[in-house]
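# Overview (structure and organization)
Here is how the chains run, residue by residue.
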Amino acid sequence: MSKLVLTVDDSRTMRDMLKLALNDAAFTVVQAVDGAHGLEVLKDSAPDVIITDINMPNLDGFGFIEGVRRDARHGATPILVLTTESDPDKKQRARQAGATGWIVKPFDPEKLVEAVRRVAA
């Protein structure tokens, strides 16, 4: 059975690139345009892995991760941060919020798929 991945990113191009890379690796993908939309999508789905950007309108990645972790159903769901940010303080903040890993954009599709497979196991 295919694993379900939720991608949360305000960039349509990035969502399309993620969907293509993950679909090619036989993952099923659901998408959200920002953190607030991501929390809405989570009400009706149970992803095996979540990939989120940090810098988004309405609700940023930190707030989104905290919101996911407050929901008992998603307390153990792996969350990978995919961002242009490489600041150690932001990485630490994401970890404290509950992120599982950190990937810097632009991403290598094969490495992204490998990371998703590793945390989805």
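## A closer look at helix α3 (residues 61-70)
At 3.6 residues per turn, the α-helix brings residues three or four places apart onto the same side. For α3, the tally of buried residues reaches seven of ten residues, placing the bulk of the element in the interior. Among the structural elements, β1 (4-8), α2 (35-43), β3 (49-52), β4 (79-83) and α4 (88-97) are those in contact with the buried residues of α3. Among the residues of α3, the N-terminal cap falls to Asp60, whose side-chain oxygen and the backbone nitrogen of Phe62 are separated by 3.2 Å.

## A look at α2
All buried positions along α2 are accounted for by Gly35, Gly38, Val41 and Leu42. Looking down the long axis of α2, one finds its buried residues gathered within 110° of arc, a one-sided arrangement. Buried residues belonging to α2 abut β1, β2 (28-32), β3 and α3. Structurally, the start of α2 carries an N-cap: the backbone nitrogen of Ala36 is 3.1 Å from a side-chain oxygen of Asp34.

## Digging into the sheet that holds β4
For sheets, the rule is that strands pair by backbone hydrogen bonds, running either parallel or antiparallel. Taken in spatial order, the five strands of this open sheet run β2-β1-β3-β4-β5, and their pairing is parallel. Two strands bound the open sheet, and with one partner strand each, they are β2 and β5 (101-104). Across the sheet, the mean angle from the axis of one strand to that of its neighbour is 20°, orientation sign disregarded. Two strands pair when backbone bridges link them, and β1 and β2 are joined in this way by five bridges, in the parallel orientation. Within β2, the residue paired with Thr7 across the bridge is Gln31. Across the sheet, helix α1 (residues 12-24) is in contact with β1, β2, β3 and β4; its angle to β2 comes to roughly 165°.

## Details of the packing of α2 against α3
Viewed as axis vectors pointing N to C, α2 and α3 meet at an angle of 20°, and their least axial separation amounts to 9 Å. If you check the angle between α2 and α3, you find them roughly parallel. The chirality of how α2 crosses α3 is right-handed. Where α2 approaches α3, its residues Gly35, Gly38, Leu39 and Leu42 are matched on the opposing element by Phe64, Gly67 and Val68.

## Considering the pattern of salt bridges
Applying the stated criterion across every chain, the model contains six salt bridges. One salt bridge in this structure joins Lys43 and Glu40, with 3.0 Å as the shortest N-O distance. Residue Lys43 and its partner Glu40 are located together in helix α2, separated by three residues, close to a single helical turn.

## Looking at the packing of α1 against helix α5 (residues 109-120)
Two quantities define a packed helix pair, namely the angle between the helix axes and the distance between the axes. Interhelical geometry of α1 versus α5 gives an angle of 65° and a closest axis separation of 10 Å. Relative to α5, the element α1 is oriented roughly perpendicular. Viewed along their axes, α1 and α5 form a crossing whose handedness is right-handed. Mapping the contact onto sequence places Leu18, Ala21 and Leu22 in α1 and Pro109, Leu112, Val113 and Val116 in α5. Among the residues making up the contact of α1 with α5, the classes are represented as seven nonpolar, no polar and no charged.

## Details of the packing of aromatic side chains
What the rule picks out here adds up to zero aromatic pairs. Above the ring of Phe62, the side-chain terminus of Arg93 is found at 3.9 Å from the ring centroid.

What counts, and where the lines are drawn
- Residue positions are given per chain, counting from 1 as you read along its sequence in written order.
- Whole-chain, interface and lining totals are the exception, using all residues; otherwise, since this is a predicted model, local features are given only for residues with pLDDT of at least 70 and side-chain atom pairs are given and counted only at 80 or more.
- Side-chain measures here rest on the full set of heavy atoms in the structure, leaving out hydrogens and waters.
- Burial classes: relative accessible area under 20% of the type maximum marks a residue as buried, over 50% as exposed, and values in between as partly exposed (1.4 Å probe, protein chains only).
- Numbering of helices and strands runs from the N terminus, with a helix taken as a DSSP run of H or I at least four residues long and a strand as a DSSP run of E at least two residues long.
- Two residues qualify as a contact provided that any one of their heavy atoms is within 4.5 Å of a heavy atom in the partner residue.
- Polar contacts, as used here, are pairs of N or O atoms within 3.5 Å; protein pairs need one atom able to donate a hydrogen and one able to accept it. Residues neighboring in sequence count only if both atoms are side-chain atoms.
- Taken from the helix axis, the directions to the C-beta atoms give the arc we talk about.
- Following DSSP output, two strands are said to pair if at least two bridges run between them.
- Here the axes come from fitting lines to C-alpha atoms, over the contacting stretch only for helices, and the angles between their N-to-C directions go from 0 to 180 degrees.
- Just so you know how the angles are binned, under 35 degrees is roughly parallel, over 145 roughly antiparallel, 65 to 115 roughly perpendicular, and the rest oblique.
- Left-handed describes a crossing whose near helix is turned anticlockwise from the far helix by less than a right angle; the clockwise case is right-handed.
- When a carboxyl oxygen of Asp or Glu lies within 4 Å of a side-chain nitrogen of Lys or Arg, that pair is called a salt bridge.
- Amino acids are sorted into nonpolar (Ala, Val, Leu, Ile, Met, Phe, Trp, Tyr, Cys and Pro), charged (Asp, Glu, Lys and Arg) and polar (every other residue, Gly among them).
- Side-chain rings of Phe, Tyr and Trp, where Trp is taken by its six-membered ring, are said to pair if the distance between their centres is within 6.5 Å; with planes under 30 degrees apart they count as stacked, over 60 as edge-to-face, and otherwise as tilted.
- A ring is scored as having a charge over it whenever the NZ atom of a lysine or the CZ atom of an arginine sits within 6 Å of its centre and within 35 degrees of its normal.

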